[in-house]
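Coordinate analysis (summary)
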2 protein chains.
Amino acid sequence: MTKPVKTSRPARIEALRLENQLCFALYATTNRMTRLYQPLLAELGITYPQYLVLLVLWEQAPRSVGAIGQELDLDSGTLTPLLKRLETAGFVTRIRDTADERRVIISLTEAGAQLRERAAEIPGQLACRVQLSRAEAIALREQLKQLQRALAMD
Amino acid sequence: MTKPVKTSRPARIEALRLENQLCFALYATTNRMTRLYQPLLAELGITYPQYLVLLVLWEQAPRSVGAIGQELDLDSGTLTPLLKRLETAGFVTRIRDTADERRVIISLTEAGAQLRERAAEIPGQLACRVQLSRAEAIALREQLKQLQRALAMD
DNA sequence: TGCAATTAAATTGTGTGCAATATAAATTTG
DNA sequence: CAAATTTATATTGCACACAATTTAATTGCA
């Protein structure tokens with residue numbers, strides 16, 4: 001935690017201007033990005049957060065609900081109903097761990113695994129819309145990760 | 001729109017890795033930022049999207065629902081119920097425009113205007129958590145705005 | 001061993017986001 | 001000037017996010 005910075009009243013009012021808010025830039029850009037994904041993911045029958053869960057599972061499955069939540073920084077209040085919808089859609093299974101009955105293990109079904117091939121086309125389709133060079137996009141992504149770490153709760 | 005880039009299958013699979021996704025970096029960082037705001041805004045009795053609406057109104061009020069939506073990139077499906085909650089909380093009024101009965105004009109109440117003074121402390125409190133220099137924060141913000149514009153629907 | 005503390009997931013309740021649709025008022029046009 | 005079109009907001013329905021709480025299982029420790 002850095003030392004608190006004393007600011008004048010005009011400076012504090014200036015900081016409240018929408019265009020000066022880093023947080024609003026994040027918020028609005030994320031909303032737009034998600035809206036852009038929506039029609040592409042709708043063809044696969046999933047939403048953006050469901051896509052994120054599948055990205056995690058395509059890298060490694062099966063995984064517990066908690067392990068998925070750790071990767072995505074989401075809690076069971078968000079994940080439990082989302083995973084039930086993915087189960088209903090036939091992309092994952094939810095089975096309680098016999099070794100530790102508190103855990104629920106999420107696995108990919110055949111359909112869930114196969115969806116990966118179709119999803120592989122999506123990043124390229126979106127890259128066209130991002131008017132950044134590959135290097136710029138990577139730099140931005142790494143800055144965001146750094147900010148995300150700085151915002152970690154402790 | 002830039003030209004489509006042909007990619008190999010391994011490259012497409014690599015692009016699906018969570019850690020390579022700019023979009024997930026945006027998503028996760030925004031969620032964290034909002035969580036960080038939450039306890040500060042709760043003291044004022046508002047949520048983060050409600051805070052954004054008030055930021056817009058503190059710069060200029062009264063404004064129509066549509067004008068607020070244009071600033072925040074939100075539609076009436078999001079704003080109408082949110083504004084009703086701000087009205088119930090006593091921070092704004094919602095009055096149909098007599099000159100154009102389609103429009104609803106949102107104004108600040110005395111309580112809504114006064115909330116600005118207390119809110120003015122918030123950006124400084126959050127700046128402490130963001131481990132970026134002022135220049136870095138501004139650079140990141142401007143890159144995000146550029147990306148946001150690139151993602152504009154047409 | 002026995003029980004308090006911890007952990008994992010589910011549940012409850014509130015507030016967004018947004019697509020799709022509905023409603024009503026204003027504007028355009030033939 | 002009346003019908004078709006457009007515009008502004010509201011409504012409906014669905015899927016998140018997340019705080020707070022609950023439930024059940026495991027771990028720690030006296």
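Structure's up top.
Residues numbered from 1 in each chain as written. Chains lettered and ligands numbered in written order. Predicted model: local features only at pLDDT ≥ 70, side-chain atom pairs only at ≥ 80, totals over all residues. Heavy atoms only, no water.

Here's the deal with the overall build of chain A
Of regular secondary structure, chain A possesses 8 helices and 3 strands. When the elements of chain A are put in sequence order from the N terminus, they spell out α-α-α-β-α-α-β-β-α-α-α. In terms of overall dimensions, chain A is more spread out than a globule: its C-alpha atoms have a radius of gyration of 19 Å, far above the 15 Å expected for 154 residues. Over its C-alpha atoms, taken along the principal directions, chain A stretches across nearly 60 × 40 × 25 Å. Here the analysis covers contacts within chain A between residues at least 6 apart in sequence; of these, 50% occur between residues at least 24 apart. Surface accessibility of chain A: about 8200 Å² in total, with carbon and sulfur atoms responsible for 51%. (Helix = DSSP H or I, 4+ residues; strand = E, 2+ residues; numbered from the N terminus. Rg over C-alpha atoms; globule rule 2.2 N^0.38 Å. Contact = heavy atoms within 4.5 Å. Areas by Shrake-Rupley, 256 points an atom, 1.4 Å probe, with all protein chains shown as cover.)

Some points on the pattern of salt bridges
The tally for this structure, following the rule as stated, stands at 25 salt bridges over all chains. A salt bridge links glutamate 87 of chain B to arginine 94 of chain B; the shortest N-O distance between them is 3.4 Å. Judged by its relative accessible area of 27%, arginine 94 of chain B is partly exposed. Among the charged side chains, a network of salt bridges with common partners joins Glu14, Arg17 and Glu19 of chain A together with Glu59 of chain B. (Salt bridge = Lys/Arg side-chain N within 4 Å of Asp/Glu carboxyl O. Buried < 20%, exposed > 50% of the residue type's maximum accessible area, 1.4 Å probe, protein only.)

Details of the side chain of aspartate 73 of chain A
Here aspartate 73 of chain A shows up in the loop between helix H4 (65-72) and helix H5 (76-88). In this structure the side chain of aspartate 73 of chain A is engaged in a polar contact, spanning 2.8 Å, whose partner is the side chain of arginine 35 of chain B. Ignoring any residue separated from it by four or fewer positions in sequence, one finds aspartate 73 of chain A in contact with Arg32 and Arg35 of chain B. (Polar contact = N/O pair within 3.5 Å; in protein donor to acceptor, adjacent residues only side chain to side chain.)

Topic: the relation of the copies chain A and chain B
Under the fitted operation, chain A is carried onto chain B by 0.0 Å of movement along the axis and a turn of 180 degrees, and the coordinates agree to an RMSD of 0.0 Å. In short, the pair behaves as if placed about a two-fold rotation axis. For chain A, the minimum C-alpha distance to the rotation axis belongs to leucine 26 of chain A and amounts to 3.3 Å. Both copies contact each other with a shared surface, as 100% of the interface residues of chain A are interface residues in chain B too. (Least-squares fit on C-alpha atoms with pLDDT ≥ 70 in both.)

With respect to the side chain of serine 64 of chain A
Residues and elements named next belong to chain A. The residue serine 64 is located in strand E1 (residues 63-64) in this model. In terms of polar contacts, serine 64 uses its side chain to reach the backbone amide nitrogen of alanine 67, at 3.1 Å. Once you skip the residues sitting within four places of it in the chain, serine 64 turns out to touch Arg103, Val104 and Ile105.

Observations concerning the sheet that holds strand E2 (residues 92-96) of chain A
All names here are of chain A. Strand order in this open sheet of 3 strands is E1-E3-E2, and the pairing throughout is antiparallel. The sheet terminates laterally at E1 and E2, the two strands that pair on one side only. Pairing of E1 with strand E3 (residues 104-108) involves 2 bridges; the strand directions are antiparallel. Note that in E3 the partner of arginine 63 across the bridge is isoleucine 106. Sitting on the sheet, H5 touches E2 and E3, and the angle it makes with E2 is about 120 degrees. (Pairing = 2+ DSSP bridges. Axes fitted to C-alpha atoms, helices over the stretch in contact; angles between N-to-C directions.)

Here's the deal with the interface of chain A and chain B
At the interface, 66 residues of chain A touch 66 residues of chain B. Between chain A and chain B, roughly 7100 Å² of surface is buried when both sides are summed, and carbon and sulfur atoms account for 63% of that area. Across the contact surface, chain A and chain B share 9 salt bridges. The shortest N-O distance in the salt bridge between arginine 12 of chain A and glutamate 121 of chain B comes to 3.2 Å. Counting the contacts that link chain A with chain B gives 26 residue pairs in polar contact (both at pLDDT 80 or more). Breaking the side of chain A that touches chain B down by element, the ones donating at least two residues are helix H1 (9-15), helix H2 (22-42), helix H3 (48-59), H4, helix H6 (110-119) and helix H8 (134-150) of chain A. Ranked by the residues each element gives to the side of chain A that touches chain B, the list is headed by H2 of chain A, at 15 residues. Classifying every residue of the side of chain A that touches chain B gives 39 nonpolar, 10 polar and 17 charged. (Buried area = accessible area lost by both parts, 1.4 Å probe. Nonpolar A, V, L, I, M, F, W, Y, C, P; charged D, E, K, R; others polar.)

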